[in-house]
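Here is what each chain is made of, one letter per residue.
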Amino acid sequence: MIVPETFFSTSEELRLFFLSCAAGAVFGIYYDFFRTLRLTIPHHSFFVFAEDIIFLATYGIFLSSFASAEARGELRGYYVIGGIIGFTLYFFTIGRFVMRFMGKILSISKGILNTLLKPIFKLWSKIVEITKNAVKSAKNSASPLQNNDEM
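All of these numbers come straight from a predicted model, not from anything done at the bench.

S.K.: Mind showing me how you'd approach the packing of aromatic side chains here?
M.R.: For any pair of aromatic rings, the description consists of the separation of the ring centres together with the inter-plane angle of the planes. All chains considered together, the criterion is met by 18 aromatic pairs. Consider the rings of Phe 27 and Tyr 30, whose centres lie 5.9 Å apart with planes at 85°: the pair is edge-to-face. Placement of the pair is Phe 27 and Tyr 30 together in helix α1 (residues 10-40), with a separation of three residues, close to one helical turn. Accessibility expressed as a relative area gives 28% for Tyr 30, which makes it partly exposed.

S.K.: Before we go on, may I ask you to explain helix α2 (residues 45-70) in this structure?
M.R.: Since the α-helix turns once every 3.6 residues, residues separated by three or four places project in the same direction. The terminal C-alpha atoms of α2, which comprises 26 residues, lie 37 Å apart, in line with the 38 Å expected from a rise of 1.5 Å per residue. Taken as a whole, α2 has its buried residues at Glu 51, Phe 55, Tyr 59, Leu 63, Phe 66 and Ala 67. Packing partners of the buried residues in α2 comprise α1 and α3 (77-92).

S.K.: Whenever I open this one, the nonpolar core confuses me. Can you help?
M.R.: Grouped burial of nonpolar side chains is what soluble globular proteins tend to show. Core analysis: the biggest nonpolar cluster contains 13 residues, and Phe 8, Leu 16, Phe 55, Ala 71, Tyr 78 and Tyr 79 have the highest contact counts within it. At the level of elements, α1, α2 and α3 are the ones that each hand at least two residues to this core. Ranked by residues supplied to this core, first place goes to α2 with five residues. Once residues lying within four places of it in the same chain are set aside, the contact partners of Tyr 79 are Phe 8, Leu 16, Ser 20, Tyr 59, Leu 63, Phe 66, Ala 67, Ala 71 and Glu 74.

S.K.: Looking at this model, I keep getting lost on the side chain of Asp 32. Mind explaining?
M.R.: Mapped onto the elements of the fold, Asp 32 is located in helix α1. Residue class for Asp 32 comes out buried when judged on its relative accessible area of 4%. Among all residues touching Asp 32, those that are not within four sequence positions of it are Tyr 90, Gly 95, Val 98 and Met 99.

S.K.: I keep staring at the pattern of salt bridges and nothing clicks. Help me out?
M.R.: Side chains that carry opposite charge are capable of pairing whenever their charged atoms lie near each other. Counting across every chain of the model gives seven salt bridges. One salt bridge in this structure joins Arg 72 and Glu 74, with 4.0 Å as the shortest N-O distance. Connected via shared salt-bridge partners are Glu 13, Arg 72, Glu 74 and Arg 76.

S.K.: Honestly, the packing of α1 against α2 in this entry has me stumped. Any pointers?
M.R.: Helix-helix packing: each pair is described by the crossing angle between the helix axes and the interaxial distance. One way to put it is that α1 packs onto α2 with a least axis distance of 11 Å and a crossing angle of 160°. Judged by the angle between their axes, α1 and α2 are roughly antiparallel. Of the two possible hands of crossing, α1 and α2 adopt the one that is right-handed. Here Arg 15, Leu 16, Leu 19, Ser 20, Ala 23, Phe 27, Tyr 30, Tyr 31, Phe 34, Leu 37 and Arg 38 of α1 lie close against α2, whose contacting residues are Val 48, Glu 51, Asp 52, Ile 54, Phe 55, Thr 58, Tyr 59, Phe 62, Phe 66 and Glu 70. Among the residues forming the contact of α1 with α2, the class breakdown is 14 nonpolar, two polar and five charged.

Cut-offs and rules
- Residues numbered from 1 in each chain as written.
- Predicted model: local features only at pLDDT ≥ 70, side-chain atom pairs only at ≥ 80, totals over all residues.
- Heavy atoms only, no water.
- Phe/Tyr/Trp six-rings, centres within 6.5 Å; stacked < 30°, edge-to-face > 60°.
- Helix = DSSP H or I, 4+ residues; strand = E, 2+ residues; numbered from the N terminus.
- Buried < 20%, exposed > 50% of the residue type's maximum accessible area, 1.4 Å probe, protein only.
- Expected span 1.5 Å × (residues − 1).
- Contact = heavy atoms within 4.5 Å.
- Core = buried A, V, L, I, M, F, W, Y, C linked by side-chain atoms within 4.5 Å.
- Salt bridge = Lys/Arg side-chain N within 4 Å of Asp/Glu carboxyl O.
- Axes fitted to C-alpha atoms, helices over the stretch in contact; angles between N-to-C directions.
- Parallel < 35°, antiparallel > 145°, perpendicular 65-115°, else oblique.
- Left-handed = near helix turned anticlockwise from the far one by under 90°.
- Nonpolar A, V, L, I, M, F, W, Y, C, P; charged D, E, K, R; others polar.

These figures capture arrangement, not role.
What follows is the structure, given as structure tokens:
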């Protein structure tokens, strides 16, 4: 009778730990998506909270899938610790450079976009001003009907 192995060997545990560290770095990249979105579009704190909940839920789904696919369904604490270490290493090393780069790209693109859209905004404000003046002059020029009881 073949008894299934119930313990991981040290090399298997190291492999799973390093895989979880790599997954943490990938989740750092995923989190940069949310950070870039926050730079692009100003958020209310409720939406920041909702994005963080989405991020954590995604990580929870990944963690259970990881344990199921790679670790015979066994969830171990060092998967979480490895994920945190990988995320932290990415966040404070490469993540800083990525966010600086994204900030520069966004500021350049905002400058280009403002330069391109400035004439359109000026034209729009002129159209609104002309429309307001036309409505105002139409209201002023309309003479009220005279109330003549003899008619």
